[in-house]
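Next come the chains, spelled out residue by residue.
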Amino acid sequence: MLVVETIAKVRRAHLVGGKGIKTIARELGLARNTVRRVVRAGETRFAYERRTDQPHPRLGDHRARLEAMLAENAARAKRERLTLTRIHDLLGREGCEASYSAVRRYAQRWASERRGFPTAGEAFVPLSFAPGDAYQFDWSHERVEIAGAPQTVKVAHLRLCHSRRFYLRAYPRETQDMVFDAHARAFAALGGVPRRGIYDNMKTAVDAIYAGKTRRFNRRFEEMCSHYLVEPVACTPASGWEKGQVENQVGYARDNIFRPRACFASLEELNGWLEAECARRAREDRHPEQRDRTVWQVWEDERAALTAFAGAFDGFHTVEATASATCLVSFDRNRYSVMARAARRAVQIRAYADRIVIRSAGEIVGEHQRCFGRDHTV
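Residues numbered from 1 in each chain as written. Predicted model: local features only at pLDDT ≥ 70, side-chain atom pairs only at ≥ 80, totals over all residues. Heavy atoms only, no water.

Draft legend 1. Here's a closer look at the pairing of strand β10 (residues 328-331). By the alternation rule, side chains of β10 split into V329 and F331, which are all buried, and L328 and S330, of which none is buried. Two strands pair when backbone bridges link them, and β10 and strand β11 (residues 334-337) are joined in this way by four bridges, in the antiparallel orientation. Residue pairing across strands places F331 opposite N334, the latter belonging to β11. Count of turn residues in the β10/β11 antiparallel hairpin: two residues, of which D332 carries a positive phi of about 55°. (Buried < 20%, exposed > 50% of the residue type's maximum accessible area, 1.4 Å probe, protein only. Helix = DSSP H or I, 4+ residues; strand = E, 2+ residues; numbered from the N terminus. Pairing = 2+ DSSP bridges.)

Shown next, in the form of structure tokens:
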């Protein structure tokens, strides 16, 4: 392929210097046909354009076999699908001489035709959020070291869509009471509540998925949203880009906060460090759209548009149980004591993120720090 500089030399030599094709070819070390093509075309550049209907001489009789392998692969579960590198290797063992690039191009074209639209990259419209408009919520699983023992914690991510200020908190589980606690702590730390909350279809929030954006939210989750005056919005299944900010935040936190592995004496110490780290990064990180300002500065302006934080929602998960004759109530693989007058009686267990409250006939008959182990008696 001729570069632009060579084409310019040929054109100047012929049109300005008056040299012939044979002379130019000898002086520049080019073929006469190449010089003749430049002179006659009158173009300043030549670009190669790949034909859309490329032949497949190397694939040959293996095209039908490749299509069958692609169809079989698409029908498999996602975790069991073969990579194109593996498919190319299997074809090679059957005698196919096609290169990996040829197999990849054919597979891409086959996939686009199967979806029903021409080969092209997916296009997305960037989302824009006004101050105080929305936040996005999600969970991630991170590896940390607590009291010298490696373990996986569930990290709640809440992110303001306009200012990009975010809040992280680690929990042992992803239960509904943890969701309530994460929202209460995040809204208190962020100084207010946006008008909308964007979620995936997590079971702690959504009971049923209907056509389009219609959802039946969990009753207790609806109560929490009503308490904070938030309108919940659920994403389309398998459409992570609808809450792309918090999806990207998960990767950002994993790479920049949880690596190398964080080591702490307790979960409370970890959460104290996470809260301070979120504030530090907000003060230091530049806003992705307002590059001359930090995330913290944009957040300070956004606070005026947030709904005032009206106090934490009484976020508990209710379980009905019966106290044993030995004044114990079983919950989440552990046993908690109650007052003697509750023995053999029906009780209501209210599980919070950090404590257990047991009630009977409208009065509290037991309250304990929540235990997340197994077979413990508290």
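Draft legend 2. How the structure looks around the pairing of strand β14 (residues 363-369). The sheet contact formed by strand β13 (residues 355-360) and β14 spans six bridges and is antiparallel. Bridge pairing links V357 to E367 in β14. Connecting β13 to the antiparallel partner β14 that follows it, the hairpin turn spans two residues, and A361 within it adopts a positive phi of roughly 55°.

Draft legend 3. Fine view of the packing of aromatic side chains. Summed over all chains, the structure comprises 14 aromatic pairs. Consider the rings of F137 and Y199, whose centres lie 5.9 Å apart with planes at 50°: the pair is tilted. Of this pair, F137 sits in strand β1 (residues 134-146) while Y199 sits in strand β4 (residues 196-199); the two residues are 62 residues apart in sequence, bridging distant segments of the chain. The pair formed by F137 and Y199 is uniform in burial state, with each residue classed as buried. Among the aromatic residues, those joined into a cluster by ring pairs are Y135, F137, W139, Y171, F187, Y199, F217, F221, Y228 and F309. Stacked on the ring of W296, the Lys or Arg R283 has its end atom at 3.8 Å from the ring centre. The ring of Y352 carries R355 above its face, with NZ or CZ at 3.8 Å from the centroid. (Phe/Tyr/Trp six-rings, centres within 6.5 Å; stacked < 30°, edge-to-face > 60°. Lys NZ or Arg CZ within 6 Å of the ring centre and 35° of its normal.)

Draft legend 4. Fine view of the packing of helix α4 (residues 63-75) against helix α5 (residues 84-93). Here α4 crosses α5 at 140°, and the two axes come no closer than 11 Å. Viewed along their axes, α4 and α5 adopt a mutual orientation that is oblique. Viewed along their axes, α4 and α5 form a crossing whose handedness is right-handed. In this structure, α4 uses R65, L66, M69, L70 and N73 to contact α5, whose residues at the interface are L84, I87, L90 and L91. For the contact of α4 with α5, the per-class residue count stands at seven nonpolar, one polar and one charged. (Axes fitted to C-alpha atoms, helices over the stretch in contact; angles between N-to-C directions. Parallel < 35°, antiparallel > 145°, perpendicular 65-115°, else oblique. Left-handed = near helix turned anticlockwise from the far one by under 90°. Contact = heavy atoms within 4.5 Å. Nonpolar A, V, L, I, M, F, W, Y, C, P; charged D, E, K, R; others polar.)

Draft legend 5. The arrangement of the side chain of S163 in detail. Within the secondary structure, S163 sits in the loop between β2 (149-160) and β3 (166-171). On the basis of relative accessibility, which here comes to 0%, the residue S163 falls in the buried class. Within the structure, S163 has its side chain in polar contact with the side chain of E302 (distance 2.7 Å). In contact with S163, not counting residues within four places along its chain, are H287, V295, V298, W299 and E302. (Polar contact = N/O pair within 3.5 Å; in protein donor to acceptor, adjacent residues only side chain to side chain.)

Draft legend 6. Molecular detail of the side chain of H368. The topology assignment puts H368 in strand β14. Ignoring any residue separated from it by four or fewer positions in sequence, one finds H368 in contact with Y336, S337, R355, I356 and V378.

Draft legend 7. Spotlight on the sheet that holds strand β12 (residues 346-351). Here four strands make up an open sheet; going across it, the order is β9-β12-β13-β14 and the pairing antiparallel. Among the strands making up the open sheet, the edge pair consists of β9 (317-322) and β14. Within the sheet, the average angular offset between the axes of one strand and its neighbour, ignoring direction, is 25°.

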